[in-house]
Structures are given as C-alpha cells and as structure tokens.
Amino acid sequence: MPKTYFITGISTDVGKTIASAILTEALEADYWKPVQAGELSHCDTKKVERLVSNSKSKFHKNAYALNTPMSPHAAAEIDNLTIDTSKITVPKTKNNLVIEGAGGLLVPLNNNDTILDLIKPNYKVIVVSRHYLGSINHTLLTVNTLKEKGFDVAILFSGNEHQSTEHIIKKITDTPVIGRIDEEPYFDKNVIKEYANLFKSTLETL
C-alpha cells in the first residue's frame, strides 16, 4: 500500500528540499510541493527532479506558484490572490508520495490556515531539524505540536553533527530518528543516491 510522507522543517532553509530528494529517491516516490513562493525558474520541484535518479518518480505541479520569496499568505497577496486550501488537491498516484511543505509548520497560507492544515491524518511526517541557536526549542515545539495532533512523526537531522543537541532532542521527544544529512560540499545525483541507500531500510519501517 503506497504511503504519503510530508516533509516539514523547524524553520526555513534547514534542508527540506534535499531531504525531499533523498526520500523521493529512496522510496522511488512521486514528489509534490503544494505551494512554491519565489524562485519559480529554479523552484524546488525542478531541484528535486534534477537530483533524483530513478525512472519511477513523477513530479507534480504546484497548486500555487507564487512570484515572491516570502510567507505564502503575503506572496499570494502580492500576486492579488488568496490561497484556498480546498483547491490544494493531492495528486492521484498509485506510488508513494513525498510532499514538501513551505518553511515551518505554522507558516500561514491565508488568514486562517497554515502548512499544518495541509497534513492529513494518514501521512508520515518527517521533521527536518538543523542545529542553530534556538533550534532545540523550534524542534521540540514542532514535534510536540504534531504529536498533540496525533500524527506519526520522525526526525531527520541536517547539517554538521551536534551531539548534545541531537541527544536532548531524541531524549525529550522520544521520536524515531532517520539519520543525519551531513554538511556536504555539494549535492548531486550520486550523493543523493548514497543517502537514499543509507536511509532506505529505516524509512520502510516507519
């Protein structure tokens, strides 16, 4: 039975797109980013597609492609539109599906809805956590919010190892950890495939 994995982060620029590429490759899944804000000529969908090697994955069109790199609610306002979550329809596929959020969990889409409102009860939620001053708090808040809502959660660390940070996050959240994506000098198809092979068995048990 195909599964859906939702990739969220504890903040922006923590490595969600690289994580999404790795999961897409590991699971030979389809990929979908519902809301893209800014960088439309170099969007996350195109980045993931360039990094994935397998021939099974399909890359689905954004529900909203906004011109300005900022919070979706504000980017939509600049484009003279309002994001309507009822029009964000999950692509039909018989394959596993990786969905990448925008920014963090409570990033607003409009005056009422946030990224959290796009996550459905049957999704496996992967929280990408990257070390910086304040990241422990942001990770705990994100994981606790998801658990309070009843979601099935796992953590994927991104960036250089920080043992004390990772240890306390694991201890307090008592949440499965997929592994860590190191601070690589670059990411290409070969590097993505190496991580995909490394994480594959863990992902299949989630």
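Quick note: structure is the one above.
Draft legend 1. Main features of the overall build of the chain. Broken down by element type, the chain carries 6 helices and 9 strands. A compact globule built from 206 residues should have a C-alpha radius of gyration of about 17 Å, and the chain, at 16 Å, falls within 12% of that. Across its three principal directions, the C-alpha atoms of the chain cover 45 × 40 × 35 Å. A burial count over the chain gives 51% of its 206 residues as buried. Across the chain, the fraction of contacts at a sequence separation of at least 24, relative to all contacts at a separation of at least 6, is 72%. Here the chain displays about 10,400 Å² of accessible surface, and carbon together with sulfur accounts for 49% of that area. Charge separation in the chain, taken as the distance between the mean sites of 23 positive and 24 negative side-chain charges, equals 6 Å.

Draft legend 2. Spatial organisation of the nonpolar core. In this structure, Ile 119 and Leu 146 are the most contacted members of the largest nonpolar core, which totals 59 residues. In terms of residue count, the dominant contributor to this core is helix α1 (residues 16-27) (7 residues). If sequence neighbours within four positions are ignored, Leu 146 has contacts with Thr 8, Leu 105, Leu 116, Ile 119, Val 125, Val 127, Phe 151 and Val 153.

Draft legend 3. Inspection of helix α2 (residues 44-51) at higher detail. Taken as a whole, α2 has its buried residues at Asp 44, Thr 45, Val 48 and Leu 51. Along α2, the residues classed as buried sweep out an arc of 130 degrees about the axis, all on the same side. Each element contacted by the buried residues of α2 is listed here: α1, β2 (30-32), β3 (35-37), β4 (59-60), β6 (97-104) and α6 (189-205).

Draft legend 4. Layout of the packing of helix α4 (residues 135-148) against helix α5 (residues 163-173). α5 packs onto α4 with a crossing angle of 25 degrees between their chain directions and a minimal axis gap of 10 Å. Between α4 and α5, the angle is such that the two are roughly parallel. Handedness of the α4/α5 crossing: right-handed. Residues Ser 135, Ile 136, Thr 139, Leu 140, Val 143 and Lys 147 of α4 form the contact with α5, whose own contacting residues are Thr 165, Ile 168, Ile 169, Ile 172 and Thr 173. Grouping the amino acids of the contact of α4 with α5 by side-chain chemistry returns 6 nonpolar, 4 polar and 1 charged.

Draft legend 5. Up close: the pattern of salt bridges. All chains considered together, the criterion is met by 11 salt bridges. The salt bridge involving Glu 25 is made with Lys 193; its shortest N-O contact spans 3.1 Å. In this pair, Glu 25 sits in helix α1 while Lys 193 sits in helix α6, placing the two residues 168 residues apart along the sequence. With relative accessibility at 37%, the residue Lys 193 sits in the partly exposed group. Between Glu 161 and Arg 180 there is a salt bridge, with the nearest N and O atoms lying 3.4 Å from each other. In this pair, Glu 161 is assigned in the loop between β8 (152-158) and α5 and Arg 180 in strand β9 (residues 177-181), connecting sequence segments 19 residues apart. What emerges from the salt-bridge pattern is a single network uniting Lys 33, Glu 39, Asp 44, Lys 47 and Glu 100.

Draft legend 6. The arrangement of unusual backbone geometry in detail. In the Ramachandran plot, Asn 80 falls in the positive-phi region, its phi being about 60 degrees despite a non-glycine side chain. Counting through the fold element by element, Asn 80 comes out in the loop between α3 (72-78) and β6. Under the relative-accessibility criterion, Asn 80 is labelled exposed at 73%. Unlike most non-glycine residues, Asp 174 shows phi in positive territory, near 50 degrees. Within the fold, Asp 174 resides in the loop between α5 and β9.

Draft legend 7. Spatial organisation of the pairing of strand β7 (residues 124-130). With 6 of 7 residues buried, β7 is to be regarded as a mostly interior element. Looking at chain direction, strand β1 (residues 4-9) and β7 are connected through 5 bridges and run parallel. Note that in β7 the partner of Phe 6 across the bridge is Val 125. The pairing of β7 with β8 spans 7 bridges and is parallel.

Rules used in this analysis
- Per chain, residue numbering runs from 1 following the sequence as it is written.
- Predicted model: local features are reported for residues with pLDDT of at least 70 only, side-chain atom pairs are reported and counted for 80 or more only, and whole-chain, interface and lining totals are derived from all residues.
- Here the side-chain values reflect all heavy atoms present in the structure, with hydrogen atoms and water set aside.
- Strands are runs of DSSP state E lasting at least 2 residues, helices are runs of H or I lasting at least 4, and numbering of each runs from the N terminus.
- All radius of gyration figures rest on C-alpha atoms, and the globule criterion is 2.2 Å times the number of residues raised to 0.38.
- Any residue under 20% of the maximum accessible area for its type is buried, any over 50% is exposed, and the rest in between are partly exposed; the area is computed with a 1.4 Å probe on protein chains only.
- Throughout, a residue-residue contact means that at least one pair of heavy atoms, one from each residue, lies within 4.5 Å.
- Residue burial considers only the protein chains on display, and all accessible areas are found by Shrake-Rupley using a 1.4 Å probe.
- Neither His nor the chain ends is counted toward charge; the positive residues are Lys and Arg and the negative residues Asp and Glu.
- Working definition for charges: the position is that of NZ of Lys, CZ of Arg, CG of Asp or CD of Glu.
- Residues belong to one nonpolar core when they are buried, are Ala, Val, Leu, Ile, Met, Phe, Trp, Tyr or Cys, and are joined through side-chain atoms within 4.5 Å.
- An arc is given here, and it is the one of the directions from the helix axis to the C-beta atoms.
- Under this scheme, a helix contributes an axis fitted over its contacting stretch, all axes are lines through C-alpha atoms, and angles between N-to-C directions fall in the 0 to 180 degree range.
- Each angle gets one of four labels, with under 35 degrees taken as roughly parallel, over 145 as roughly antiparallel, 65 to 115 as roughly perpendicular, and the rest as oblique.
- Handedness of a crossing is defined here by the sense of rotation of the near helix relative to the far one, left-handed for an anticlockwise turn of less than a right angle and right-handed for a clockwise turn.
- Under the scheme applied here, ten amino acids are nonpolar (Ala, Val, Leu, Ile, Met, Phe, Trp, Tyr, Cys and Pro), four are charged (Asp, Glu, Lys and Arg), and all others, including Gly, are polar.
- Any carboxyl oxygen of Asp or Glu that lies within 4 Å of a side-chain nitrogen of Lys or Arg is treated as forming a salt bridge with it.
- When DSSP locates at least two bridges between a pair of strands, those strands are taken to pair.

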